[in-house]
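Architecture and fold: a report
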Amino acid sequence: AMLFGTEYAVLPIVGALTVGIWIAYIARWHNRRVAVVFALLALFSPFVFLTSSTPMIHGIEALLCSLILFLSRLDLETPAKLKKLGILCLLFFSLLVRGFSIVAFLLPLLIYVCWTQLKKKSYLYLFLLLLTGLSGVSANLIYQYHAYGDPFLTGYRLEYPDLRYGFGLTYSGQIHTP
């Protein structure tokens, strides 16, 4: 979106899709009244407004997590290979977008889904999940190698003599938000 200068047009759409996914989730597994209340709260929420209007990765991150949660719940209810493939593709892209926080957020869900599959004596989902994780981490390492010259040098640690990315140093000495 930034290549075309449309990030301010795309981000509200991403925010609306995220809120729409949660409205559908609440309406399906709770009730419609709660979904209406959620929709009104989201409409007037400063958090939703800011994440949907600021060109940062948090809106995309919320959309990917929401899609993975919704599809995982739907797949537990009515299993289908296409849903599992969608979850794995979204998880792969999530690892490229902001893997460290998305994995931490989704880890309980992924453990639960794997546990339910293992109870059914199905090992394919666990295998594919591990393969997706390995390929996502590998793709990220390849990107870091080509971008920074070292696969283990992240953008958070990238420094030049007169230039630093981000908002300054954190307590651990790392640069915040490249």
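Residues numbered from 1 in each chain as written. Predicted model: local features only at pLDDT ≥ 70, side-chain atom pairs only at ≥ 80, totals over all residues. Heavy atoms only, no water.

What follows deals with the overall build of the chain. Looking only at helices and strands, one finds 6 helices and 2 strands in the chain. Traced from its N-terminal end to its C-terminal end, the chain shows the element sequence α-α-α-α-α-α-β-β. Long-range pairs, those at least 24 residues apart, make up 53% of the contacts in the chain with a sequence separation of at least 6. (Helix = DSSP H or I, 4+ residues; strand = E, 2+ residues; numbered from the N terminus. Contact = heavy atoms within 4.5 Å.)

In a regular helix each residue adds 1.5 Å, so 25 residues correspond to 36 Å; helix H6 (residues 124–148) covers 35 Å between its end C-alpha atoms and thus fits that length. Taken as a whole, H6 has its buried residues at Tyr125, Leu129, Thr132, Gly136 and Gln144. Here the buried face of H6 lies against helix H5 (81–119). Just downstream of H6, Gly149 is the residue with a positive phi angle, here 85°. (Expected span 1.5 Å × (residues − 1). Buried < 20%, exposed > 50% of the residue type's maximum accessible area, 1.4 Å probe, protein only.)

Applying the stated criterion to the full structure yields 3 salt bridges. Salt-bridge contacts for Glu77 lead to Arg28; the nearest nitrogen and oxygen are separated by 2.6 Å. Within this pair, whereas Glu77 is found in helix H4 (residues 58–77), its partner Arg28 is found in helix H1 (residues 7–29), the two being separated by 49 residues in sequence. (Salt bridge = Lys/Arg side-chain N within 4 Å of Asp/Glu carboxyl O.)

Our next topic: the side chain of Gln117. Tracing the backbone through its elements, the reader meets Gln117 in helix H5. If we skip the residues at most four places from it in the chain, Gln117 touches Lys84, Ser122 and Tyr125.

The next thing to look at is the packing of H5 against H6. As a packed pair, H5 and H6 sit with axes 10 Å apart at the nearest point and diverge in direction by 165°. As the angle between them shows, H5 and H6 are arranged roughly antiparallel. Viewed along their axes, H5 and H6 form a crossing whose handedness is left-handed. Touching Lys84, Ile87, Leu88, Leu91, Phe92, Leu95, Leu96, Leu110, Val113, Cys114, Gln117 and Leu118 of H5 are Tyr125, Leu126, Leu128, Leu129, Thr132, Gly133, Ser135, Gly136, Val137, Ala139 and Asn140, all from H6. (Axes fitted to C-alpha atoms, helices over the stretch in contact; angles between N-to-C directions. Parallel < 35°, antiparallel > 145°, perpendicular 65-115°, else oblique. Left-handed = near helix turned anticlockwise from the far one by under 90°.)

Of note, the phi angle at Lys121 is positive, near 65°, even though the residue is not glycine. Mapped onto the secondary structure, Lys121 falls in the loop between H5 and H6. The exposure class of Lys121 is exposed, given its relative accessible area of 64%.

Once that is clear, we can look at the side chain of Lys84. By the element assignment, Lys84 lies in helix H5. Overall, Lys84 belongs to the buried group, its relative accessible area being 17%. Once you skip the residues sitting within four places of it in the chain, Lys84 turns out to touch Asp75, Pro79, Gln117 and Tyr125.

Our focus in this paragraph is the nonpolar core. The nonpolar side chains of soluble globular proteins are, as a tendency, buried together. With 17 residues, the main nonpolar core has Ile68, Leu91, Leu106, Leu109 and Leu129 as its most contacted residues. Put simply, the parts of the chain that give this core at least two residues each are H4, H5 and H6. Among the elements that make up this core, the one with the highest residue count is H5 (10 residues). Setting aside chain neighbours within four positions, we find Leu106 in contact with Cys65, Ile68, Leu69 and Leu91. Core analysis: the next-biggest nonpolar cluster, separate from the first, contains 7 residues, Tyr25, Trp29, Phe70 and Leu74 among them. (Core = buried A, V, L, I, M, F, W, Y, C linked by side-chain atoms within 4.5 Å.)

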